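Take a look at the letters that make up each chain.
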Amino acid sequence: MDEVVLENVDKAFGKVKALDRVSIKVVRGELFTILGPSGCGKTTTLRVIAGFEIPDSGRVYIDGVDVTFKKPYERSTAMVFQNYALWPHMSVFDNISYGLKLRGYSEAEIKRRVGWALELLDLKGLEKRYPLQLSGGQQQRVALARALVVEPKVLLLDEPLSNLDARLRLRVREEIVSLQKKLGITTIYVTHDQEEAMSISDRIAVMDRGRVVQVGTPWEVYNKPVNYFVATFMGRSNTLNGIVLERVSEELYEVDVKGLKLYGVAPGGGGLDRGLNVAVVIRPESLRRAGEDEKVNIIEGFVRRVSLLGYTLQVRVDLGNGASVTAYLPPKESVEAGERVRLYASPEEVKLYPAGEVEEEMQA
Amino acid sequence: MARNSIGALLRRFFFLIDAPLALLLAFTITMFVLILVIPLLTVFLGPSVKVSLEVLEGFRRYPYLAWPPLGEWVVVSDRGDYKLVIVRLKDLGVIPNTLIVASTVTLLTTIVGVFMASIVARYDFPGRGLFRALAVIPLLYTPFVNAFVLYKVFGDGGILGQAMLSLGLGYSLELTHLAGVIVAQTLMFWPIVYLNTLASILQVDPSLEEQAENMGARGLRLFTSVTLPLSLPGVLAGSGLVFLFSMEDLAAPLAFKVNNVVPIRIVSSIIGARDIELLSVEVAILAGALLLVALTWLMVIRTYLSLRHYAMIVRGGRWQPRVFKPSPLMYALIYLVAAPLLLISISPQVGVLTYAFSKSWLGVLPSGFTLDNFQYIFRDDMVVRALRNSVMYSAIALAFIVIMGVASAYFVNRVRVVGVSLLDFLVMSPLVIPGLSIAMGLLLLYSSGPLKGTLIDPFSNPMILIILAYAIRKSPFTTRAVYAGLQQVHQALEEAGMNLGASRTRVLLGIVVPLIGLNVLAGALISFVYCMTEVSVSVVLGALKPDQAPITYVIFDYLTAGYGGGAYVHVAAAIVALILFVQIVAIFTTNYILKYRYAFLGL
Ligand SMILES: Nc1ncnc2c1ncn2[C@@H]1O[C@H](COP(=O)(O)OP(=O)(O)O)[C@@H](O)[C@H]1O
Ligand SMILES: [Mg+2]
């Protein structure tokens, strides 16, 4: 069952096209993340769902009802703002109970529900404090409590961790996920941090310049990026310039990277013509030392620099044809600068995208 | 495309606001239309039905035009043991006189104001703090009496001339007639340019100056090539206001006995008329001309600055301002030119108190300290009634002002729909529209046609229109204070409320107003003070029915109608001293509340 649906939503601010035919379907109870670089339209998408912006065209449905032109207060969404937006002149209790009072609950019922929220978010004892007397983490939990206490259909979180320090971030992230699972509330979570998105989401929508470019599980988005933008935005990657030599099979292409022959796949769908310039994208962790008997997809070169990052050994390799790649090898591997290494990437890990996409990205 | 259609616009409008807010807005706009827009249109169109070639021909004759000019530029008379030099300027007729005075005053105030602002903004000298504090004193309202004090200083038998004689100079100087008006208005109005310029200079990012300095500009060069151009909006805003204020100033011409200027013409003809039919077409046209100049200026501002600029005055500077040690020449300028000028400029306020607390003031020094003047005003029924009227009118007007100010500031700041800038323009426009034109418009509109003889006809009931005019004229002060407050309230605080189920009106009343309550209060206080000291509408409409007249009319009456100044100056000064006291309390309170110096522009 789809809880939130956006259909071809367009939104422009003057000349800036903030949303360009955005369509998403968020399933009831899932944690759905909108991921993309700053300015790609994530906040605007949330604001359209919450009803703070009215789309230029397109439709918004919540729980099957067309809410495109409904006011924010008629939608039953609850948003946690990036800066929390706690009312400085109201105590924690007053902040949290605000929505309940509007709904006309009895005094006792309000007390009970606020108590529940305080308990849930570990805020007991702080109800008389004012927002300015709270730490960042506490403020955030108050904002969450305020949103959750009204039992919204949809919880909207706009970069909820961005105002926390690095140490707190990890903890709060876990808290949000476990809370979401516990309550089973449909949640749309906005972030620009791909690692954060990967770790918490049921599904991710990747946005680029106002468009949704891919929707899928973290696994799909990471392993089958549909275009160059997604491929390079998710995690680190090496990009090499190549030319398509031939289509070996339905899936497989052979490309030439300045003399180096590689087999790779085109996850973007649609065929790649022979002679087409392509971006060859290989993740550092897809590269490993080649075995003696492996003969294809071998990338060979001199080690320029080695840095041990702890969980991985980062190796920079010059290919001799002007290009270089970075590989993540197991930390126990012994590699030294100046040494010659043979690396291997399986053809499924070598991804090919038309070079046109790259140029488009560069211009943006 | 669909989003450009009327339907989409309306849908968007009602998406952005809800019914109560729409009502508040409709109320505000209706008020402005009824009390400002239509009356002003009447000033333009009303007299046109009576205009004839003969009337227009009249503008080429005395008193509107005097050619050749009458009187003398300067008179030197030999008084035996000394020579008396009287500077007076020739009378060129009502229209040229007004334009010449306004232009000259604008020029002089701009020079003085920019000079003073530069000194305060850029030089660190002993007494700078005192200098800054004193420079706002001339902006304290002392209706009419300020000019009478300046007449006492510069005019016939004035302190200046007597001081020169007692120094044994052999010369004595008097500034009278138009020359006196020019000097008086310059001294009264330069702080407007000063404050606006200073605000602008303090807002110039110091790094811009540092960059220029880095490239080799310094001293005066730096100031004139970078700082001043960047501060030009402030200078322009200030001088523009001065031009308008000068054109409608009644006080200085009254004190210096100049009849041939536009404002005096308008007021004396209205006071003479007992029926709207008797009002001469010529003065109605004059009021229209006054308005035309103001509107032209308004257009200039709208193109080159924004009215908002008026609203965003002195914030005390966000940056660490760059200050320098003055050179010896600069020291001389500061202490020998600027300081004496400043002292003369605060003489009206000092003089008001002197008059108020003395029995007589004929020579250089007053004589006989007394509280009688205050006792007198509280025994005079007319004064007591007028004071009561003023407080009541201002209080009622204030209720309107707060509603309109909150509604329009909220709308302009928060609701982004087409037409918002027009609304902004409309609600801020009373800052620059001459009160006399409004008064004339109200008079023409509401005392004739179907409204003649009704409750609202100012000839039978000026009270209602006085209150409504106060509300419109003085609302921008509250609107801009509310607006400034709203800028401090993050929009997300409201959205969080709407998101939880509160309507826009509910959010406005439950979240926004509590957060900006102090701003509303501060703005309201300023508006209240300005209602109490309003002159143009009070005098024009108050004259129609003295028992409904506010206090400023009574001051005017004391200083003119046959009493001929004299002892009555002391009584008028006592009333003004009371008003001065109210102002000082209000200003200290607002400064305390808003934590920054609030510019009070609308002299
Ligand atoms: N109220 C607005 N007025 C004008 N432009 C806006 C407004 N809100 C967003 N934008 C523009 O729309 C684009 C998308 O903004 P936003 O949704 O905030 O991006 P994100 O949250 O992904 O960083 C940006 O280019 C931004 O500058
Ligand atoms: Mg954002």
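Source: prediction; values computed, not measured.

**Student:** Account for the overall build of chain B, with residues named and values stated.
**Tutor:** Tallying secondary structure elements over chain B gives 26 helices and five strands in all. In summary, chain B has a C-alpha radius of gyration of 25 Å against a globular reference of 25 Å for 603 residues, a match within 12%. Taken along the three principal axes of its C-alpha coordinates, chain B extends 85 × 70 × 50 Å. Taken across its 603 residues, chain B has 58% of its residues classed as buried. Sequence-distant contacts in chain B: of pairs separated by 6 or more residues, those separated by 24 or more amount to 80%. Per element, the accessible surface of chain B, about 24200 Å² overall, is 68% carbon and sulfur.

**Student:** Requested: an account of the packing of aromatic side chains, with residues and values cited.
**Tutor:** Residue and element names in this part refer to chain B. Summed over all chains, the structure comprises 19 aromatic pairs over all chains. Taking the centre distance of 6.2 Å and the plane angle of 90° together, the rings of Phe125 and Tyr335 count as edge-to-face. In this pair, Phe125 sits in the loop between helix H4 (94–122) and helix H5 (128–135) while Tyr335 sits in helix H15 (residues 328–345), placing the two residues 210 residues apart along the sequence. Residue Tyr335 is classed as partly exposed on the basis of its relative accessible area, which comes to 37%. Ring geometry for Phe477 and Tyr530: centres 4.5 Å apart, planes at 65°, overall edge-to-face.

**Student:** Can you break down helix H8 (residues 177–203) of chain B residue by residue, with the values?
**Tutor:** Residue and element names in this part refer to chain B. For H8, with 27 residues, the first-to-last C-alpha span of 40 Å sits near the 39 Å given by 1.5 Å per residue. The sharpest bend along H8 comes to roughly 40°, located at Met188, with the proline Pro191 sitting one to four residues further on. Along H8, 25 of the 27 residues are buried, which leaves the element largely enclosed by surrounding structure.

**Student:** Run through the site of ligand 1, naming residues and quoting values.
**Tutor:** Residues and elements named next belong to chain A. With respect to spatial proximity, the complete set of residues near ligand 1 consists of Phe13, Val16, Ala18, Pro37, Ser38, Gly39, Cys40, Gly41, Lys42, Thr43 and Thr44. Interatomic distance of 2.9 Å between a backbone N/O atom of Lys42 and an oxygen atom of ligand 1. In the environment of ligand 1, an oxygen atom lies 2.5 Å from a nitrogen or oxygen atom belonging to the side chain of Thr44. Within the residue set of the shell around ligand 1, elements represented by two or more residues are strand E2 (16–27) and helix H1 (42–50). When residues in the shell around ligand 1 are grouped by element, the largest group, three residues, is from H1.

**Student:** Run through the environment of A:Cys40, naming residues and quoting values.
**Tutor:** All names here are of chain A. Structurally, Cys40 is set in the loop between strand E3 (31–35) and H1. A sequence separation of 21 residues divides Cys40 from Leu19, and the C-alpha atoms of the two residues are 8.1 Å apart. In contact with Cys40, other than residues within four places in its own chain, are Ala18, Met207, Asp208, Arg209 and Gly210.

**Student:** Can you lay out the pairing of strand E4 (residues 57–62) of chain A for me, pointing to particular residues and giving the numbers?
**Tutor:** Residue and element names in this part refer to chain A. When strand E1 (residues 2–13) meets E4, the two strands line up antiparallel, connected through five bridges. Along E4, the bridge assignment pairs Val5 with Tyr61. Both E4 and strand E5 (residues 65–66) contribute to a ladder of two bridges, which runs antiparallel. When the sheet's bridge partners are listed, Tyr61 is paired in E5 with Asp66. The turn linking E4 back onto E5 is made up of two residues, and Asp63 within it adopts a positive phi angle of 55°.

**Student:** Please give an account of helix H25 (residues 551–560) of chain B that cites residues and values.
**Tutor:** In terms of residue burial, H25(B) counts as a mostly covered element, since nine of its 10 residues are buried. Three or more residues of H25(B) are buried, namely B:Ile551, B:Thr552, B:Tyr553, B:Val554, B:Ile555, B:Phe556, B:Asp557, B:Tyr558 and B:Leu559.

**Student:** So what about the sheet that holds strand E6 (residues 77–80) of chain A? Which residues, and what values?
**Tutor:** All names here are of chain A. Across the sheet, six strands lie side by side as E6-E7-E8-E3-E9-E10; this open sheet has mixed pairing. The two strands at the open ends of the sheet, each matched to only one other strand, are E6 and strand E10 (211–216). Strand-to-strand twist of the sheet, defined as the mean angle between neighbouring strand axes without regard to direction, takes the value 20°. Here five bridges tie strand E7 (residues 154–158) to strand E8 (residues 186–191), and the two strands are oriented parallel to one another. Opposite Leu156, over in E8, you have Ile188 as the bridge partner.

**Student:** Quick one: what's the story with the sheet that holds E1(A), residue by residue and with numbers?
**Tutor:** Residue and element names in this part refer to chain A. The four strands lie next to each other as E2-E1-E4-E5, forming an open sheet whose pairing is antiparallel. Each having just a single partner strand, E2 and E5 make up the two edges of the open sheet. Each of E1, E2 and E4 is contacted by H1, which is oriented at about 120° to E1, the strand it contacts most.

Here is what the cut-offs are and how they apply
Within each chain, residues carry numbers counting from 1 in the order of the written sequence. To read the labels, note that chains go from A and ligands from 1, taken in the order they are written. Only residues with pLDDT of at least 70 are given local features in this predicted model, and only at 80 or more are side-chain atom pairs given and counted; all residues enter the totals for whole chains, interfaces and linings. In computing side-chain values, all of the structure's heavy atoms are included and hydrogens and water are not. Each helix corresponds to a stretch of at least 4 residues labelled H or I by DSSP, and each strand to a stretch of at least 2 residues labelled E; elements are numbered beginning at the N terminus. It is over C-alpha atoms that the radius of gyration is taken, and the globule rule equals 2.2 Å times the number of residues to the power 0.38. Exposure is judged per residue with a 1.4 Å probe applied to protein chains only, and the accessible area is read against the type maximum: over 50% gives exposed, under 20% gives buried, and values in between give partly exposed. Any pair of residues with heavy atoms lying within 4.5 Å of one another is described as a contacting pair. Here the accessible surface of atoms and residues is derived via Shrake-Rupley with a 1.4 Å probe, and residues count as covered only by protein chains that are part of the display. To pair, rings of Phe, Tyr and Trp, with the six-membered ring standing in for Trp, must have centres within 6.5 Å; the planes then decide the type, stacked if under 30 degrees apart, edge-to-face if over 60, and tilted in the middle. Helix span, as expected, comes to 1.5 Å for every residue beyond the first. To get the bend at a given residue, fit one axis to the seven residues ending there, fit another to the seven starting there, and take the angle between those axes. Proximity criterion: a residue is near a molecule or strand once any of its heavy atoms comes within 4 Å of it. Within 3.5 Å is the distance limit for a polar contact, defined as a pair of N or O atoms, with the added protein rule that one can donate a hydrogen and the other accept it, and that residues adjacent in sequence qualify only through two side-chain atoms. At least two DSSP bridges between two strands are required for those strands to pair. Angles here are taken between N-to-C directions and fall from 0 to 180 degrees, while the axes themselves are lines fitted to C-alpha atoms, restricted in helices to the stretch in contact.

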